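Each chain, written out:
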Amino acid sequence: MWIRLSRRKTLILSVAGAVSLGTRLAAQEEGLRLAFIPQENPEKLLGDIAAITGWLADQIGVPVEGFVTIDHAAAVEALRNGDADISFMGALPFVLAEAEIGAVPLLSEVYRGAPNYTARIFVRRDSGIETLADLGGKDIAFADPISESGYLYPLAEFVEAGLVAGPGDADAFFGRIFFAGGYQQAMQAMAEGLVDAAGASQYADLLLTPQQQAEVIWIAESEPIPSHVVIAQPGLDADLRSRFVDAMMRLNEAGNRDLLRYLYGPDGYVQADPAAYDGVRDMARRYGLLE
Amino acid sequence: MIRKLLGFVIFSLAGAMVSFGPAIATPAREAPWLPDAAAYRLTLFLGNLEPLPWDDVEAAWSEPYRNSEFSADALTWLGEKSDIETGPLLDAMARRDRQSLFAAATRLMALRIEEELGRALDVDDPARAQQAVRTAGELYRAFADGVAAADPEASRRIGLAWLELNSSTGSAGVLGAGTTPPDRETMVTARAVISDYLAENYLVDNFAPRQELSPLPETALLSGHDIEVPPSLPPGSDIFDQDPLPLLVLNFEAQGIDETDLPLVAYGDMLFDSAQIFGSPARDLGIACSTCHNRSDVNQRLFIPGASHQPGAIDVDGAFFNPIFNDRRDDPLDIPSLRGLRFTGPYGRDGRFASLRDFTRNVIVNEFGGDEPTPFMLDALLAYMLEFDFLPNSMLTADGRLTDAASGAARRGEEIFNRPFVGLGDRSCASCHVPDGNFLDRQAHDIWSASPAYEGARAGAFDTPTLLGTAYTAPYFHDGSLPTLAAVVDWFDETKSLDLTDAERSDLTAYLEAVGSADEPYETFDAENTSFRLAFSELTTFASTIDTLLPRRDAEHILLLTDTVAADLSADASTMSNLAGRPEVYALAERLAQVGAAVRAGDWETAEAHWTAFRDAADTIEERAF
């Protein structure tokens, strides 16, 4: 299913337009293929991809093609089956892809000066909820079960606090657990009073209206989580990989910073440190996602 | 004033806008609307304008909405994504039947939601199912504020159903890890909650006649209760401040006088940025004087479908803002700059108001449906607006001659500008745009820039506009029909038979650009000198007028101030780059609201205590307010 969809999307959404699918070898000779994960609007992302891949092609000197996959899983699948050389990825899907297909981390996104961020538990200011323990028997919305800041790390706060025995026991503590589909949906559900709390990225309250932001507080914060990462399939030619990384690092230069908005809008990139993901690997093991 | 700088805040549920007290002038950037949902919301909005702009309604479906992130128009989009018949909708538009249009468009939206929900249940792949649920949810957004206004309980029930639906679609995990199978039974149950409500309210065969087109559910309408859906702007609207932000030059400030020492001016500054002085819908939408005239200049990006024919233009006497003042003429005007306002009377594009006070009252009461302003409010607004200065321009002397800083081309253009032309009745450009009179003559002239409204009409005269600062206020003419100063030169050359050579046109353009230039046209921001710091400084300055109003026990004007400033301060905190500083700003805003609450209760002692606490806290927070 993933493969078929991914290929179809490649054909439909190909920015270069002329590059057809070929063998691994042929693909590398032709250039680089980048898989992008959609956020809000896949079609807008296509416009962004056209802008950034055009620039990257100029910088690297080979054709660069980008396509949108339906989700992280499809992007990893594209790396495995040769549809993509490089993908933009969350830290959790990356460590899973690393374990399964040997994916390599190349670059980490920087936000507000750091290649990491935290997850928080948000509640409404007027809810009277002050501690994690106050959420016993109450409803919580997370973003997605395969999300580090939108599920694993915020839930780990409850484990840390001794309220939840382990990842499989959360149902015993909470009233209901919802997966809302994204940070914004989880935060909206909390802000509108559909649930009592939301577990999401530390910046997720910025997805609420200005008035709602004033009505929301956070009561717990996770340890730092490595930010989103750009990863490569393990067989990617070393020289090409290096030229790609160099080009991406040039996005940090003042004259190129405008281009960052075509790439999920980070403040910049740093070269990825594989050791930075040890915490995520541990977390994935605890949740039974990784052996 | 600076109040609309939100760069990255997005939200998607229209219902989320519903529940707040005082209007704020900090709009949130909306998440993109799907093309079909956008067309529906535009249809509702345009369908309430009188006369109904049918061409715009058709364009809402056949052209991508303005600034859409989707390249497809709604009909093309539907053709690609949906099997739902658009025939009834097209038929209603062809017949120009408003009620049928409402019914067909509403049913179409409801059917689209049903279609996506059906897809979510039909597919095996959780990722595709989630995508379908997400799409259905984004389409439901077109009804959400109507449901929230009419039936909070149903709104909550449906909100939970969407959560259930999302949660029960399962997860494909990544390469087999973290796989969760879909829970079909829960999906079916949750879907039924949504579908049943749609069937009862939006998939109705014969909708009751609509006085006003809105997403109000049918059952709510039939109940006979008077339910109002909070006003909202349709997709494609833009009331954000332009970027870069024009520099505001206030005469007193340039002389080093502190605004906090000028309470009347500071209060006027607050009013200029207060949506509270207008009536609904402007008030509810956070539209203030500064929305159009940001920083005393023009907001070149402002656009409201049906009321603007292009960015930077608005029809303030159309159907949207104040129906009683609707002149039933589609005549949006290019927003004029207010720089140098004390030198630019009479007021209005055709100079119909000799008095700025009368003009201002007309804006508040007639154009934007506000209550009659008090004499103090008008005095304050005028005191503030009369401080608006032209932008300093080192290429011009005080009497309007070019300095050595100007280019050779501009100097040659200066000669042409002062040269009499037969086509101008032996007058020169400078005859009306008098260089030593701020490049205007305070008279109205008919230069044939507008078509006569009827045969024999003598109604095409417009007040001579200043040329100062015009390098930053494109487009030009009362209707913004000329995009550049070069186009203005070409227009005069052609319509007045000036017979200028190419070189002369170029030189004259260079002269206009030099006259219209400024040493510093825009605000500059950096890591700590942020737009929020500017907003914080302005809002606390506004609040300082309480020092004057409290001893006078002037409850009315204190409440207008606290309602405006407390809400804006809190909302503006969302624009802070110092995220950790937000709680302090929220607390500060709350303190100001407490001043208002105490005044409302007639407890002046408590009001004074809160006011003292506010001032102390504001001083403490100031360095972290960025």
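Residues numbered from 1 in each chain as written. Chains lettered and ligands numbered in written order. Predicted model: local features only at pLDDT ≥ 70, side-chain atom pairs only at ≥ 80, totals over all residues.

1. Points about the overall build of chain B
Within chain B, the regular secondary structure consists of 24 helices and six strands. The C-alpha atoms of chain B give 27 Å as radius of gyration, which agrees with the globular expectation for 626 residues (25 Å, within 12%). C-alpha extents for chain B along the principal axes are approximately 80 × 65 × 55 Å. Across the 626 residues in chain B, those meeting the buried criterion constitute 49%. For chain B, long-range pairs separated by at least 24 residues make up 65% of all intrachain contacts whose partners lie at least 6 apart in sequence. (Helix = DSSP H or I, 4+ residues; strand = E, 2+ residues; numbered from the N terminus. Rg over C-alpha atoms; globule rule 2.2 N^0.38 Å. Buried ≥ 20, exposed ≤ 12 C-beta atoms within 10 Å, placed from the backbone. Contact = placed C-beta atoms within 7 Å.)

2. With respect to the domain arrangement of chain B
Often the size quoted for an interface is simply the accessible area lost on bringing the parts together. Domain annotation of chain B identifies domain 1 (28–223), domain 2 (251–385), domain 3 (408–515) and domain 4 (531–624). Centre-to-centre, using C-alpha coordinates, domain 1 of chain B lies 41 Å away from domain 4 of chain B. (Domains from an automatic or database assignment.)

3. Digging into unusual backbone geometry
Residue and element names in this part refer to chain B. Backbone torsion omega between Asp243 and Pro244 reads 5°, so that peptide bond is classified as cis. For the bond from Gly345 to Pro346, the omega torsion is 0°, close enough to zero to count as cis. Inspection of the secondary structure puts Pro346 in the loop between β4 (333–334) and α14 (356–367). The phi angle at Phe477 is positive, at roughly 80°, despite the residue not being glycine. You can see Phe477 is positioned in the loop between β6 (462–463) and α18 (485–495). Its identity is not glycine, yet Ser497 carries a phi of approximately 50°, on the positive side. As for its position among the elements, Ser497 is in the loop between α18 and α19 (502–515). Overall, Ser497 belongs to the exposed group, with 12 C-beta atoms counted inside 10 Å.

4. Concerning the pairing of strand β4 (residues 104–110) of chain A
Residues and elements named next belong to chain A. Buried residues dominate β4, accounting for five of its seven residues. For β4 and strand β12 (residues 229–232), the ladder comprises four bridges, and the chain directions are antiparallel. Bridging across to β12, Ser108 finds its partner in Val229. Inspection of the sheet shows β4 paired to strand β13 (residues 268–271) by four bridges, in the antiparallel sense. (Pairing = 2+ DSSP bridges.)

5. Some words on the sheet that holds strand β9 (residues 197–201) of chain A
Residues and elements named next belong to chain A. Reading across from one edge, β8-β7-β9-β6-β10 is the order of the five strands in this open sheet, with mixed pairing throughout. Strands with a single pairing partner mark the edges of an open sheet, and in this sheet they are β8 (177–179) and β10 (216–221). Each strand axis lies, on average, 30° off the axis of its neighbour in the sheet, ignoring direction. The sheet contact formed by strand β6 (residues 119–124) and β9 spans five bridges and is antiparallel. Bridging across to β9, Phe122 finds its partner in Ala198. (Axes fitted to C-alpha atoms, helices over the stretch in contact; angles between N-to-C directions.)

6. A few points about the nonpolar core
Judged by nonpolar contacts, the single largest core of 234 residues is most densely connected at A:Ala141, A:Ala186, A:Met187, A:Met190 and A:Ala198. Tallying contributions element by element places helix α6 (residues 126–150) of chain B first for this core, with 14 residues. Grouped together as the second largest cluster of nonpolar side chains are 25 residues, B:Ala406, B:Phe439, B:Leu467 and B:Leu468 included. (Core = buried A, V, L, I, M, F, W, Y, C linked by C-beta atoms within 7 Å.)

7. Here we look at the sheet that holds β4(A)
Residues and elements named next belong to chain A. The mixed open sheet is built from six strands, whose spatial order is β2-β1-β3-β12-β4-β13. Of all strands in the sheet, those bounded by a partner on one side alone are β2 (64–68) and β13. Between one strand axis and the next, the sheet turns by 25° as a mean value, whatever way the strands run. The pairing of strand β1 (residues 32–36) with β2 spans five bridges and is classified as parallel. Within β2, the residue paired with Leu32 across the bridge is Val64. Across the face of the sheet, helix α5 (residues 91–101) comes into contact with β3 (86–89), β4 and β12 while running at roughly 20° to β12. Sheet contacts for helix α10 (residues 238–249): β1, β3, β4, β12 and β13; angle to β4, the most-contacted strand, approximately 5°.

8. A closer look at the environment of A:Phe173
Residue and element names in this part refer to chain A. You can see Phe173 is positioned in helix α7 (residues 170–173). In this structure the C-alpha to C-alpha distance between Phe173 and Ala133, which are 40 residues apart in sequence, comes to 9.2 Å. Excluding residues within four positions of it along the chain, Phe173 makes contact with Gly136, Phe158, Leu163 and Val164.

9. Considerations on the packing of helix α23 (residues 582–600) of chain B against helix α24 (residues 604–621) of chain B
Residue and element names in this part refer to chain B. Relative to each other, α23 and α24 sit at 160°, their axes nearing to 8 Å. When the axes of α23 and α24 are compared, the pair comes out roughly antiparallel. Crossing of α23 against α24: the hand is left-handed. Here Glu584, Val585, Leu588, Arg591, Leu592, Gln594, Val595, Ala598 and Val599 of α23 lie close against α24, whose contacting residues are Thr606, Ala607, His610, Trp611, Ala613, Phe614, Ala617, Ala618 and Ile621. For the contact of α23 with α24, the class distribution of residues is 13 nonpolar, three polar and two charged. (Parallel < 35°, antiparallel > 145°, perpendicular 65-115°, else oblique. Left-handed = near helix turned anticlockwise from the far one by under 90°. Nonpolar A, V, L, I, M, F, W, Y, C, P; charged D, E, K, R; others polar.)

10. Considerations on the pairing of β3(A)
Look at any regular strand and the pattern is simple: side chains alternate between the two faces of the sheet. Residue and element names in this part refer to chain A. Burial along β3 is two-sided: Ile86 and Phe88 and Ser87 and Met89, pointing in opposite directions, are all buried. Here β1 runs beside β3; their pairing, made up of two bridges, is parallel. Within β3, the residue paired with Ala35 across the bridge is Ser87. For β3 and β12, the ladder comprises four bridges, and the chain directions are antiparallel. Residue pairing for β12: Met89 is matched across the bridge by Val229.

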